[in-house]
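Here's the letter readout for the chains.
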Amino acid sequence: MLEISNLVCRYGKVEAIKGISLSIKKGQLVALIGANGAGKSTTLRSISGVLSPTSGRIMFEGQDIARCSAREILMRGIAHCPEGRRIFPDMTVEENLDMGAYLRSDIEGMNADKDRIFTQFPRLAERRRQVAGTMSGGEQQMLAIGRAIMSRPKLVMFDEPSLGLAPNIVEQVFEIIDGIRQAGTTVLMVEQNAYSALDLCDHAYLMEAGSIVLSGKGSELIDNDHIRQAYLGG
Ligand SMILES: Nc1ncnc2c1ncn2[C@@H]1O[C@H](COP(=O)(O)OP(=O)(O)OP(=O)(O)O)[C@@H](O)[C@H]1O
Ligand SMILES: [Mg+2]
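None of the values given here were measured: they were computed from a predicted structure.

1. Comments concerning the sheet that holds strand 10 (residues 211–217)
And then number 1: Reading across from one edge, 6-7-8-3-9-10 is the order of the six strands in this open sheet, with mixed pairing throughout. Only two strands of the sheet have a single neighbouring strand rather than two, namely strand 6 (78–81) and strand 10. On average, each strand axis in the sheet is tilted by 15 degrees relative to the strand beside it, whichever way the strands run.
And then number 2: As judged from the five bridges shared by strand 3 (residues 29–34) and strand 9 (residues 203–208), these two strands associate in the parallel manner. Looking across to strand 9, one finds that glycine 34 is bridged to methionine 207.

2. Some remarks on the site of ligand 1
And then number 1: If you check the shell around ligand 1, you find 14 residues, and the closest are Gly37, Lys40, Thr42, Glu83 and Gln192.
And then number 2: Side-chain polar atom of tyrosine 11 to a nitrogen atom of ligand 1: 3.5 Å apart, as the coordinates give it.
And then number 3: Contact distances for ligand 1 include 2.9 Å between an oxygen atom and a backbone N or O atom of glycine 39.
And then number 4: Here ligand 1 loses 63% of its free accessible area of 640 Å² to cover by the protein chains.
And then number 5: In terms of residue class, the shell around ligand 1 is built from four nonpolar, six polar and four charged.

3. Side note on the layout of surface pockets
And then number 1: A volume near 540 Å³ is recorded for the largest pocket.
And then number 2: Along its surface, the largest pocket is lined by 23 residues, and Leu74, His80, Cys81, Pro82 and Arg147 are the ones closest to its centre.
And then number 3: Those elements that provide at least two residues to the lining of the largest pocket are helix 1 (40–48), helix 2 (70–76), strand 6, helix 3 (93–100) and helix 6 (137–149).
And then number 4: Of the residues contributing to the lining of the largest pocket, the split by class is twelve nonpolar, five polar and six charged.
And then number 5: In terms of lining residues, the second largest pocket is bounded by Asp113, Arg116, Ile117, Gln120, Ile149, Arg152, Pro153, Gly179, Ile180, Ala183 and Thr185.
And then number 6: Where the lining of the second largest pocket is concerned, the elements lending two or more residues are helix 4 (107–120) and helix 7 (167–182).
And then number 7: The residue inventory of the lining of the second largest pocket, partitioned by class, reads five nonpolar, three polar and three charged.

Parameters at a glance
- Residues numbered from 1 in each chain as written.
- Chains lettered and ligands numbered in written order.
- Predicted model: local features only at pLDDT ≥ 70, side-chain atom pairs only at ≥ 80, totals over all residues.
- Heavy atoms only, no water.
- Pairing = 2+ DSSP bridges.
- Helix = DSSP H or I, 4+ residues; strand = E, 2+ residues; numbered from the N terminus.
- Axes fitted to C-alpha atoms, helices over the stretch in contact; angles between N-to-C directions.
- Near = heavy atom within 4 Å.
- Polar contact = N/O pair within 3.5 Å; in protein donor to acceptor, adjacent residues only side chain to side chain.
- Areas by Shrake-Rupley, 256 points an atom, 1.4 Å probe, with all protein chains shown as cover.
- Nonpolar A, V, L, I, M, F, W, Y, C, P; charged D, E, K, R; others polar.
- 1 Å grid on protein atoms, 1.4 Å probe; cavity = no way out; pocket = protein on both sides within 12 Å on 5 of 7 lines; lining within 4 Å.
- Points joined across faces, edges and corners; volume = space filled by probe spheres on them.

Given below as structure tokens:
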């Protein structure tokens with residue numbers, strides 16, 4: 001479904017991504033792990049078109065999207081739930097969800113998806129008219145996830161969905177992401193919580209300093225010595 005080859009991204013003179021290649025098959029949950037500054041968020045930003053890559057190819061369903069605008073990439077079916085729960089704080093919960101579907105015109109389908117999200121996240125249903133900025137961190141994260149899936153994406157990307165959440169909420173968020181995959185949506189997830197990510201995913205990539213240094217099945221990487229020592233605490 002997604003095939004990245006030799007992708008290079010620069011911020012001015014800094015080369016944040018140094019020629020990475022990775023692929024995601026339809027229906028998979030793929031995890032991207034690595035230390036702070038490794039280039040994980042930059043990778044997601046270049047896929048979603050927020051950032052224009054310096055060189056390389058990003059093939060999505062057989063077409064190169066590396067030079068497409070963020071809007072066009074969303075229209076093709078890739079949604080991005082960015083780092084740090086960037087919801088619209090002054091809008092209500094429901095308005096935030098509607099914003100996630102701003103490119104859609106099938107009102108009935110949108111309402112059905114919204115109802116499904118409210119069933120899945122009862123907290124959001126109770127707070128549908130609450131101003132989003134006044135919700136707790138965990139509630140805002142659920143809203144950010146809900147908003148991303150309101151575009152009915154083929155591929156959804158989550159950047160550190162568990163960041164700053166209490167352990168029981170973290171578990172809930174991972175269950176929700178697993179549910180999104182089980183419903184047939186392909187998922188690319190960036191996570192600091194390496195153990196949970198490797199446990200949940202079909203396939204994982206490890207990034208270090210702008211390069212992919214390891215990849216394999218999640219279960220294989222959990223047993224890898226380097227990963228154990230550097231990311232799983234021995
Ligand atoms: N807007 C920017 N301008 C300049 N440098 C940037 C910018 N955004 C990121 N970088 C640099 O690019 C590198 C990769 O950053 P990126 O945010 O992709 O890392 P990350 O793997 O997501 O890290 P973290 O786990 O801390 O979120 C870092 O060295 C960072 O300082
Ligand atoms: Mg990041």
